Amino acid sequence: MGRNAIEVEHLSKRYVLGQHHGGGSLREAAGNAAARLTRRRPTGGPEEVWSLKDVSLQVPEGGALGVIGRNGAGKSTLLKILTRITEPTSGVTRTRGRVGALLEVGTGFHPELTGSENVYLNGAVLGMSRQETARRFDEIVDFSGVERFMDTPVKRYSSGMYLRLAFAVAAHLEADVMLVDEVLAVGDAEFQRKCLGKMADVERSGRTVLFVSHNLDAIARLCPTTLWLDQGRVQALGDTKEVLDAYITAGLLPDSRRTFADRPGETVALSSVALLDARGQPSGLLRRDEPFTIEVRFVVREHVPGLDLSVVVQTLPGLRVLDEAWSDSAPPHRGEPGEYVATLRVPPVLAVGEYTLGLWIGSAYETLVWEADAGFFRLDGSTMERPDRLVHLSLSWAVQAC
Amino acid sequence: MNRTETAPRPRRSTEKSVLDRMSGLWRYRELLVGLVRKELKVKYKGSAVGFLWSMLNPALYLVVFYFAFQVVLRNRIPNFAIYLLSGLLVWNLFSTALAGATRAVVGNAAIVKKVSFPREVLPLASVGAAFVHFLLQSVVLLGALALFRYPPSPTFLLLVPVALVSLLLFTSALAVALSAVNVYARDTEHLIELVLLAWFWATPIVYQYRLVADQLGEASWVYRLNPVTPVVLTFQRAIYNRIEPSGLAILPAGKGVAWYLGQLGAVAAFSLVVLSLAFRLFGRLEGNFAEEL
């Protein structure tokens with residue numbers, strides 16, 4: 001009672017870029033050795049990155065903490081340290097009871113094994129005893145909705161079935177502390193609802209939940225307190241509503257271009273994003289009844305055949321309103337190295353409200369950039385007293401007397 | 001704050017003692033069993049004869065070596081099939097376990113990066129799977145014994161379990177160490193194949209122990225520094241059970257159960273030391289697995 005299930009004190013994690021023991025080339029190794037010999041620290045350049053810097057927090061038993069922040073804010077690092085997958089550079093974490101994690105579910109699945117075999121194996125990987133898994137087996141199968149395929153090797157599953165089964169196993173883990181990383185972004189809308197329901201159950205059953213998500217609405221529903229991480233530091237920690245308001249306000253696209261920190265070594269890097277109003281002026285406050293333009297600048301450093309770009313616009317509850325890919329209307333880009341500006345004109349069809357802008361760059365084979373919260377924007381104007389509608393098409397009627 | 005099992009504890013895996021690691025492993029023993037089962041299931045999934053392949057392996061070796069050594073090179077060892085199998089099964093257990101274990105952590109990068117569990121389970125599962133194959137291959141040996149109505153030594157058979165425990169300890173020690181080292185130096189998995197090839201010929205499996213030991217004379221202990229040799233010798237003594245048939249010196253002469261026990265005891269003691277060092281090494285290297293993979 002009144003005890004903390006998670007305690008984190010002055011946690012920091014440093015990653016050193018370009019200094020891999022295993023992956024580095026001989027030349028790099030020789031260079032490093034030479035630098036060490038001459039007692040010179042390698043100078044210049046962002047070689048050290050603090051993924052977390054002096055983070056402290058407590059979650060009481062039975063509490064739920066939401067964690068938000070842009071890509072690279074340190075959310076995943078925090079989870080990895082709490083689940084003991086990686087070690088902190090400094091600081092201490094304490095967890096009470098068994099820790100269960102839902103981080104990219106299904107990674108322990110083997111394609112050749114059947115659904116049931118994978119349920120048991122994955123359960124064991126997550127720390128469940130065979131007995132425990134057996135006890136909850138029916139519940140797991142029922143939740144996953146793939147009863148009929150439990151004796152089929154999972155390599156024959158569709159990706160949706162695969163994820164549903166994987167989530168079902170992880171969600172039924174009897175852990176005292178549950179760490180959840182963006183798993184709700186998988187599956188269809190109905191399954192997502194089911195997952196959210198399950199998370200609410202977990203919380204009601206008195207377990208402690210740490211929930212990382214880009215879905216601000218889900219955070220608002222599940223977590224009374226929220227942590228906002230920004231570049232590894234605690235930007236805000238407290239009442240969810242206040243933290244979310246601050247996050248959205250800070251994330252509103254400025255009346256200029258938002259630039260992104262350069263991450264050297266990446267094939268493609270996002271440089272900036274801006275919203276341009278009908279007059280071509282950058283603005284974060286747009287009128288609902290006028291078209292606006294999304295302008296994305298990015299740098300291609302290495303040749304990417306079939307380069308593609310996608311703009312995703314979501315409502316705050318996470319409903320995807322737009323997902324416009326470059327390749328929908330134009331042939332895929334040749335992807336030669338260089339700097340690019342891409343613009344997408346959006347007609348005045350979206351309803352009044354707040355939106356999240358996400359950006360994806362990649363090819364048919366891989367995701368190179370995925371910035372889920374590239375920024376927020378607000379569309380202002382009259383709702384015409386119909387605030388609930390999502391799109392606003394002003395379709396033309398034909399009315400005749402007959 | 002009290003420091004019982006459920007109490008929060010400061011955690012740095014470097015602080016974990018070997019005993020802590022062992023108790024962690026014990027809690028995850030079901031995962032170990034599950035992974036062994038997975039390895040076996042996956043290996044023969046989709047193959048028509050399945051586990052027969054495990055038994056075909058020594059049978060084919062037998063044919064090849066029989067042809068090469070008895071027919072072509074005329075090595076005169078009587079009942080060569082029994083002699084070869086007694087040593088070869090031991091070797092197969094050792095070498096398949098190490099070859100698999102070296103790749104175990106790297107090969108399971110996906111779960112190592114996402115889920116927390118005692119990572120030593122991965123190399124140990126390779127040892128476990130190799131042990132199951134060993135049991136299957138023993139069927140071939142039993143078949144050969146029955147076919148030739150060949151009598152093993154009842155006394156020395158009692159030493160076989162001791163030899164197996166020593167071998168499993170030694171194999172596990174190397175397995176744990178190699179799996180961790182391979183994460184940082186991927187050359188290990190290629191190097192180990194060559195080392196195992198040389199090691200095979202440094203162990204009296206296809207030729208007789210006395211061929212080397214008699215040449216060394218007083219210094220024959222040097223030859224037995226190879227921890228696999230005493231294990232192989234015990235198997236040969238128990239199953240092949242001929243020291244100098246038809247005047248050919250094969251196994252150590254005039255050595256009783258005590259001598260064999262002493263040899264195996266030394267292997268086991270040495271292996272325990274190596275095993276505790278291997279766990280310590282694994283603990284040191286484990287902290288950065290997620291970043292290195």
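Residues numbered from 1 in each chain as written. Chains lettered and ligands numbered in written order. Predicted model: local features only at pLDDT ≥ 70, side-chain atom pairs only at ≥ 80, totals over all residues. Heavy atoms only, no water.

### Let's talk about the environment of Arg389(A)
Here's step 1: If you trace the backbone, Arg389(A) turns up in the segment after β18 (367-380).
Here's step 2: A relative accessible area of 25% places Arg389(A) in the partly exposed class. (Helix = DSSP H or I, 4+ residues; strand = E, 2+ residues; numbered from the N terminus. Buried < 20%, exposed > 50% of the residue type's maximum accessible area, 1.4 Å probe, protein only.)

### Description of the packing of aromatic side chains
Here's step 1: Summed over the entire model, instances satisfying the criterion amount to 31 aromatic pairs over all chains.
Here's step 2: With a centroid separation of 6.1 Å and an interplanar angle of 20°, the aromatic rings of Tyr150(B) and Tyr240(B) are classed as stacked. Highlighted residues: Tyr150(B) in the loop between α7 (121-147) and α8 (154-157) and Tyr240(B) in helix α13 (residues 228-240), separated in sequence by 90 residues.
Here's step 3: Accessibility expressed as a relative area gives 6% for Tyr150(B), which makes it buried.
Here's step 4: Given a relative accessible area of 0%, Tyr240(B) falls into the buried group.
Here's step 5: Joined through ring pairs, the aromatic side chains of Tyr61(B), Phe65(B), Phe69(B), Phe80(B), Trp91(B), Phe94(B), Phe170(B), Trp199(B), Phe200(B), Trp201(B) and Phe270(B) make up one cluster.
Here's step 6: The ring of Tyr120(A) is capped by Arg130(A), whose NZ or CZ atom sits 4.4 Å from the centre of that ring.
Here's step 7: Against the face of Phe156(B) rests Arg237(B), its NZ or CZ located 4.1 Å from the ring centre. (Phe/Tyr/Trp six-rings, centres within 6.5 Å; stacked < 30°, edge-to-face > 60°. Lys NZ or Arg CZ within 6 Å of the ring centre and 35° of its normal.)

### Remarks on the sheet that holds strand β5 (residues 99-103) of chain A
All names here are of chain A.
Here's step 1: Spatially, the six strands line up as an open sheet ordered β5-β6-β7-β3-β8-β9, and their pairing is mixed. With one partner strand each, in any of the chains shown, β5 and β9 (233-239) form the two edges of the open sheet. Between one strand axis and the next, the sheet turns through 15° on average, direction left out of account.
Here's step 2: By the bridge criterion, five bridges tie strand β6 (residues 177-181) to strand β7 (residues 208-212) in an arrangement that is parallel. From the neighbouring strand, Val177 faces β7, where its bridge partner is Thr208.
Here's step 3: Most of the contacts of helix α8 (residues 240-251) go to β9, to which it runs at about 135°, and overall it touches β3 (64-68), β8 (225-230) and β9. (Pairing = 2+ DSSP bridges. Axes fitted to C-alpha atoms, helices over the stretch in contact; angles between N-to-C directions. Contact = heavy atoms within 4.5 Å.)

### Considerations on the packing of helix α4 (residues 80-102) of chain B against helix α10 (residues 188-201) of chain B
Residues and elements named next belong to chain B.
Here's step 1: At their nearest, the axes of α4 and α10 sit 9 Å apart, and the two run at 170° to each other. Between α4 and α10, the angle is such that the two are roughly antiparallel. On α10, the residues that touch Leu88, Trp91, Phe94, Ser95, Leu98, Ala99 and Thr102 of α4 are Thr188, Glu189, Ile192, Leu196, Trp199 and Phe200.
Here's step 2: Looking at the contact of α4 with α10 residue by residue, the classes come out as nine nonpolar, three polar and one charged. (Parallel < 35°, antiparallel > 145°, perpendicular 65-115°, else oblique. Nonpolar A, V, L, I, M, F, W, Y, C, P; charged D, E, K, R; others polar.)

### Here we look at unusual backbone geometry
Phi is mostly negative for residues that are not glycine, and the peptide bonds are mostly trans.
Here's step 1: Of note in the backbone geometry, Arg84(A) takes a positive phi value of approximately 65° without being a glycine.
Here's step 2: Along the chain, the position of Arg84(A) falls in the loop between α2 (75-82) and β4 (90-95).
Here's step 3: Here Arg74(B), not a glycine, exhibits a phi torsion of approximately 50°, which is positive.
Here's step 4: Position of Arg74(B) among the secondary structure elements: in the loop between α3 (52-72) and α4.

### Looking at the pairing of β18(A)
All names here are of chain A.
Here's step 1: Across the 14 residues of β18, 10 count as buried, placing the element largely inside the fold.
Here's step 2: Examined bridge by bridge, strand β12 (residues 285-287) and β18 share three bridges and lie parallel to one another. Residue pairing for β18: Arg287 is matched across the bridge by Asp380.
Here's step 3: Two elements, strand β17 (residues 353-362) and β18, share nine bridges in a ladder whose sense is antiparallel.

### Overview of a nonpolar patch on the surface
All names here are of chain A.
Here's step 1: Where nonpolar side chains cluster on the molecular surface, the patch consists of Leu319, Leu390, Val391, Leu393 and Leu395 and spans about 450 Å² of accessible area.
Here's step 2: Positionally, Leu395 belongs in the segment after β18.
Here's step 3: When its relative accessible area of 62% is taken as the criterion, Leu395 is described as exposed. (Patch = residues over 30% accessible without salt bridge, like charges linked within 9 Å, V, L, I, M, F, W, Y side chains within 5 Å. Areas by Shrake-Rupley, 256 points an atom, 1.4 Å probe, with all protein chains shown as cover. Salt bridge = Lys/Arg side-chain N within 4 Å of Asp/Glu carboxyl O.)

### With respect to the sheet that holds β17(A)
All names here are of chain A.
Here's step 1: Spatially, β12-β18-β17-β14-β15 is the arrangement adopted by the five strands of the open sheet, whose pairing is mixed. At either margin of the open sheet sits one strand with a lone partner, and together these are β12 and β15 (320-325). Within the sheet, the average angular offset between the axes of one strand and its neighbour, ignoring direction, is 30°.
Here's step 2: Sheet strands in contact with α8 are β17 and β18, and its direction is about 95° off that of β18.

### Comments concerning the environment of Leu307(A)
Here's step 1: Mapped onto the elements of the fold, Leu307(A) is located in the loop between β13 (292-300) and β14 (308-315).
Here's step 2: Look past the residues within four positions of Leu307(A) in its chain and what remains in contact with it is Val268(A), Phe298(A), Val300(A), Pro332(A), His333(A), Gly335(A), Ile361(A), Gly362(A) and Leu368(A).

### Concerning helix α4 (residues 130-144) of chain A
Here's step 1: Maximum bend of α4(A): about 55°, positioned at Arg136(A).
Here's step 2: Looking one or two places after α4(A), you find Gly145(A), whose phi comes out positive at around 70°. (Bend = angle between axes of the 7 residues up to and from the residue.)

### A short note on the pattern of salt bridges
All names here are of chain A.
Here's step 1: For the structure shown, the criterion picks out 27 salt bridges over all chains.
Here's step 2: The partner of Arg279 in a salt bridge is Glu290, and the shortest N-O contact between them spans 3.8 Å. Taken together, the residues span a long stretch of sequence, with Arg279 in the loop between β11 (268-276) and β12 and Glu290 in the loop between β12 and β13 at a distance of 11 residues.
Here's step 3: You can call Arg279 exposed: its relative accessible area is 58%.
Here's step 4: Glu336 is the salt-bridge partner of Arg334, the closest N and O atoms lying 3.1 Å from each other.
Here's step 5: Note on Arg334: relative accessible area 60%, which makes it exposed.
Here's step 6: Overall, Glu336 belongs to the partly exposed group, its relative accessible area being 37%.
Here's step 7: Each member of the salt-bridge network shares a partner with another, and the members are Asp277, Arg279, Arg287, Asp289 and Glu290.

### Some remarks on the confidence of the model for chain B
Residues and elements named next belong to chain B.
Here's step 1: Overall, the predicted model of chain B reaches an average pLDDT of 88, with 95% of residues at or above 70.
Here's step 2: Here residues 1-14 scores under 50 on pLDDT; set against residues more than four positions off or in separate chains, the count is 32 contacts.
Here's step 3: In the model output, the complex is listed with pTM 0.75 alongside ipTM 0.77. (pLDDT = per-residue confidence, 0-100.)

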